[in-house]
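The residues making up each chain are set out below.
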Amino acid sequence: MVDLGGRSRKFIFVGLIVMNGILFSFYLISTNENRLRSDYSSSLISKNYFSPQLSEIRPVQGQRAYMKSPSAEDESWRKVKVLCFVLTHPKALEKQTKYVKMSWGQRCDVTLYISDENNTSFPTIKVTKYKGYRMLWSKTRNTFKLAYEKFFDQVDWFLKTDDDTYVNVDNLRRFLAKKDTNSPMFYGKFFSPFVKGGYASGGAGYVMGKAALTLLNEKAFKNTSACADEGVDTAEDVGMGKCMSYAGVTLARDAYDSQKRELFHSFPPEREYIIPWKKIGFYRQFSINRLGGDACCSQDVISYHYVKGPTMLFVDYLFQNFTKTSLE
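Reading guide: rules and limits
- Residues numbered from 1 in each chain as written.
- Predicted model: local features only at pLDDT ≥ 70, side-chain atom pairs only at ≥ 80, totals over all residues.
- Heavy atoms only, no water.
- Disulfide = S-S within 2.5 Å.
- Helix = DSSP H or I, 4+ residues; strand = E, 2+ residues; numbered from the N terminus.
- Buried < 20%, exposed > 50% of the residue type's maximum accessible area, 1.4 Å probe, protein only.
- Contact = heavy atoms within 4.5 Å.
- Expected span 1.5 Å × (residues − 1).
- Arc of directions from axis to C-beta.
- Salt bridge = Lys/Arg side-chain N within 4 Å of Asp/Glu carboxyl O.
- Pairing = 2+ DSSP bridges.
- Axes fitted to C-alpha atoms, helices over the stretch in contact; angles between N-to-C directions.
- 1 Å grid on protein atoms, 1.4 Å probe; cavity = no way out; pocket = protein on both sides within 12 Å on 5 of 7 lines; lining within 4 Å.
- Points joined across faces, edges and corners; volume = space filled by probe spheres on them.
- Nonpolar A, V, L, I, M, F, W, Y, C, P; charged D, E, K, R; others polar.
- Parallel < 35°, antiparallel > 145°, perpendicular 65-115°, else oblique.
- Left-handed = near helix turned anticlockwise from the far one by under 90°.
- Core = buried A, V, L, I, M, F, W, Y, C linked by side-chain atoms within 4.5 Å.

Caption draft 1: Layout of the state of the cysteines. One pass over the full model with this rule turns up two disulfides. In this model, Cys 84 is linked to Cys 108 through a disulfide, with the two sulfur atoms separated by 2.0 Å. Disulfide Cys 84-Cys 108: the torsion about the S-S bond is -90 degrees, which places it as left-handed. Here the residue Cys 84 occupies a position in strand β1 (residues 82–87), and Cys 108 occupies one in the loop between α4 (93–102) and β2 (110–115), the gap between them amounting to 24 residues. Neither Cys 84 nor Cys 108 differs from the other in exposure class; each is buried. Note on cysteine connectivity: Cys 227 is disulfide-linked to Cys 243, with sulfurs 1.9 Å apart. As the torsion about the S-S bond is roughly 90 degrees, the Cys 227-Cys 243 disulfide counts as right-handed. Of this pair, Cys 227 sits in the loop between α7 (210–220) and α8 (236–247) while Cys 243 sits in helix α8, placing them 16 residues apart in sequence. The pair formed by Cys 227 and Cys 243 is uniform in burial state, with each residue classed as buried.

Caption draft 2: Quick peek at the environment of Tyr 99. Along the chain, Tyr 99 falls in helix α4. When the C-alpha atoms of Tyr 99 and Thr 311 are compared, they prove to be 8.7 Å apart, with 212 residues separating the residues in sequence. Beyond its immediate chain neighbours, meaning those up to four positions away, Tyr 99 contacts Glu 94, Gly 309, Pro 310, Met 312 and Leu 313.

Caption draft 3: Representation of helix α12 (residues 311–322). Between its first and last C-alpha atoms α12 spans 16 Å; for 12 residues at 1.5 Å apiece the expected length is 16 Å, and the two agree. Listed in full, the buried residues belonging to α12 are Met 312, Val 315, Asp 316, Leu 318 and Phe 319. Along the axis of α12, the buried residues cluster in a sector spanning 160 degrees; they form a single face.

Caption draft 4: Quick peek at the pattern of salt bridges. In this structure the tally under the stated criterion is 13 salt bridges. Residue Asp 316 is joined to Arg 107 by a salt bridge in which the shortest nitrogen-to-oxygen separation is 2.8 Å. Note that Asp 316 is positioned in helix α12 and Arg 107 in the loop between α4 and β2, a separation of 209 residues in sequence. Residue classification places Asp 316 among the buried positions, given a relative accessible area of 8%. Assessed through its relative accessible area of 23%, Arg 107 is described here as partly exposed.

Caption draft 5: Up close: the sheet that holds strand β9 (residues 206–209). On the basis of which strands lie adjacent, the open sheet formed by seven strands has the order β3-β2-β1-β4-β9-β6-β10 and mixed pairing. The open sheet has two edge strands with one neighbour each: β3 (125–126) and β10 (250–251). α8 contacts β4 (157–162), β6 (185–188) and β9 of the sheet and is inclined by roughly 25 degrees relative to β9.

Caption draft 6: Inspection of the pairing of β4 at higher detail. Where burial is concerned, most of β4 is hidden: six out of the six residues are buried. Relative to β4, β1 runs parallel, the two being bridged by six bridges. Counterpart to Leu 87 in the pairing with β4 is Asp 162. In this sheet, β9 lies alongside β4 in antiparallel orientation, the contact comprising four bridges. Its bridge partner being in β9, Leu 159 is matched across the sheet by Val 207.

Caption draft 7: A look at the environment of Asp 300. Looking at where Asp 300 falls in the secondary structure, it is placed in the loop between α11 (282–286) and β11 (303–304). You can call Asp 300 buried: its relative accessible area is 2%.

Caption draft 8: Seen up close, the layout of surface pockets. The volume enclosed by the largest pocket comes to roughly 800 Å³. Lining the largest pocket are 33 residues, and of these Tyr 133, Leu 136, Asp 162, His 305 and Tyr 306 lie nearest its centre. Mapped onto the lining of the largest pocket, the elements with two or more residues apiece are α4, α5 (136–150), α8 and α11. Partitioned by chemical class, the residues of the lining of the largest pocket number 13 nonpolar, 10 polar and 10 charged.

Caption draft 9: Fine view of the packing of α5 against α7. The contact between α5 and α7 brings their axes to 10 Å, and the two run at 110 degrees. Looking at the two axes, α5 sits roughly perpendicular to α7. Considering the relative orientation of α5 and α7, their crossing is left-handed. Each of Phe 144, Lys 145, Ala 147 and Tyr 148 in α5 lies in contact with α7, whose residues at this interface are Leu 213, Thr 214, Leu 216, Asn 217 and Glu 218. Here the residues of the contact of α5 with α7 sort into five nonpolar, two polar and two charged.

Caption draft 10: Broad picture of the nonpolar core. Among the nonpolar cores identified, the biggest contains 36 residues, and Val 82, Trp 104, Leu 172, Leu 176, Val 207 and Phe 264 are the most heavily contacted of them. Going through the elements one at a time, β1, α4, β4, β5 (166–167), α6 (169–176) and α12 are the ones with two or more residues in this core. Discounting residues that sit within four places of it in the chain, Leu 176 has contacts with Val 80, Val 82, Trp 157 and Val 207. In terms of nonpolar packing, the next biggest core, distinct from the first, is built from 32 residues, Phe 151, Val 155, Ala 200 and Cys 243 among them.

If you want it as structure tokens, here you go:
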């Protein structure tokens, strides 16, 4: 027998844990497996993998285990028109961004890939001379200006994401079908610090309607003392939160399902299911809704962050073939 060595065995073991976490997390989305979920969650709680707060989580009972028969009312959400823009860079196109394009990116009514240079073959769009991770704010700011000037009349909603964000566009449309694009609100993963009224996690993605986009451009962007100008080194999501607060746009606190499970997530599904609190304790501190356990995997989930490369295709396959929704 070949001795793999301690380091190799460790890598194999970690790899198996990660893959099993992904598979099992999405398996839990299937709503007719509540009993299995209960048994598994109980075993984790008994081993103290969850904090006392999370140990109070119980499986959701009575969820629909089949899709409703199609009807005109059920399909009305399909009429919601969404512009999605994806922040990326040239080196990520082949290893990351192309998987967005192959999966959920093709389901938006308009999809813009925002990079450091114009690339007519992908295609990508350059919106600012400023480059690098620290300049994501410049890309975001100028893309929302572009959306306002060029696409305002073509769509109802405007979504910002990163190139490692996975979005269930159908669930997004179902969610937005119940909202008013002419209301000064925006939606995403709510974080509480740094901004009065909170800010939306950039990686999880956030979406605004026409009223919010108008106020952002006509009020916030015109006052660079209240809303950072292009070229300013600031955290993109916190910067947007400050601009929206100044503009009078409210970050909604209802981006969750009937069981208070969040719809926008700042981490991938396996990490949202078993959260390493010692490493990311801020996540609980900054969040306002349920986290961990079954709270990771609403059947109505809209987004996950840090979904890498080909895994995005696998996640997309699961959503397109095995999940149900209660948002219709």
